[in-house]
Amino acid sequence: MADDEQLLEWAEQVAMHLARDGVPPIAGRILGWLMVCDPPEQSAGQISAAIGASRASLTMNLRLLTGMGFLTWRTRPGDRTMYYRMADDAWQAVVRQQVAGIASFLDITRQGLDLVGPDDERAARVRQAHATFAWMAKVFEQAPPLDKEDS
């Protein structure tokens, strides 16, 4: 079984991977930590102590991750402290939101093509975006559902 130092190093790998997609490093560290910590519910103070983040930065990133659907929180009777944990099926929910965003962007690219006209030089750039997002939407549409046993 891994010790906290190994778990924190892994959480850092999660953070650096997600940073390539624009996720703030602190948010990535929070996600990585909450994926492997024990107990699975942690207060902001526990998370801050584990990953070495300031409370202000932590609070902002906890709100971000909660709003994105990655985290849930709760309080305990007689305790005002908020405890955070990974949301059930968090990764599936976030990917579903991203897939919905692809379909939404297809509508925007269609509007762009209507605005610039099919023969305008600018249309080629819009067509490229439209073709890419149409391909991605088709791939996700044809993808088999996630098998719970694969996870």
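This text goes with the structure placed above it.
Below, the structure is looked at part by part.

Parameters at a glance
- Think of each chain on its own: its residues are numbered from 1, step by step along the sequence as written.
- Local features in this predicted model are restricted to residues whose pLDDT is 70 or higher, and side-chain atom pairs enter the listing and the counts only when it is 80 or higher, whereas totals over whole chains, interfaces and linings include all residues.
- Values shown for side chains rest on all heavy atoms present in the structure; no hydrogens or waters enter the calculation.
- The secondary structure listing takes helices from DSSP runs of H or I that are at least 4 residues long and strands from runs of E that are at least 2 residues long, numbered from the N terminus.
- Each residue is placed in one exposure class: buried if its accessible area under a 1.4 Å probe, protein chains only, is under 20% of its type's maximum, exposed if it is over 50%, and partly exposed if it falls in between.
- The contact criterion used is simple: two residues touch if any of their non-hydrogen atoms lie within 4.5 Å.
- Using a grid of 1 Å spacing that covers the protein atoms alone, one calls a set of points a cavity when a 1.4 Å probe fits there but cannot get out, and a pocket when the set is open and has protein on both sides within 12 Å along at least five of seven lines; lining residues are those with an atom within 4 Å of a point.
- Grid points are joined across faces, edges and corners, and a volume is the space filled by probe spheres set on the points.
- Gly counts as polar in this scheme, as do all residues outside two lists: the nonpolar Ala, Val, Leu, Ile, Met, Phe, Trp, Tyr, Cys and Pro, and the charged Asp, Glu, Lys and Arg.

Let's talk about the side chain of T109
Thinking step 1. Along the chain, T109 turns up in helix α5 (residues 90-116).
Thinking step 2. What makes T109 buried here is its relative accessible area of 4%.
Thinking step 3. Residue contacts for T109: discarding those within four places in its chain leaves V126, A129 and H130.

Some points on the layout of surface pockets
Thinking step 1. The calculated volume of the largest pocket comes to roughly 280 Å³.
Thinking step 2. Considering the residues around the largest pocket, the lining is formed by Q92, V95, R96, V99, F140, A143, P144, P145 and L146.
Thinking step 3. Here the element with the most residues in the lining of the largest pocket is α5; it accounts for 4 residues.
Thinking step 4. Taken together, the residues of the lining of the largest pocket sort by class into 7 nonpolar, 1 polar and 1 charged.
Thinking step 5. Residue lining of the second largest pocket: L18, D21, V23, L31, L65, M68, F70, W91, V94, V95 and Q98, and that is the complete set.
Thinking step 6. Counting only elements with at least two residues in the lining of the second largest pocket, the list comes to α4 (55-68) and α5.
Thinking step 7. Ranked by residue count, the leading element in the lining of the second largest pocket is α5, at 4 residues.
Thinking step 8. Here the lining of the second largest pocket is composed, by residue class, of 9 nonpolar, 1 polar and 1 charged.

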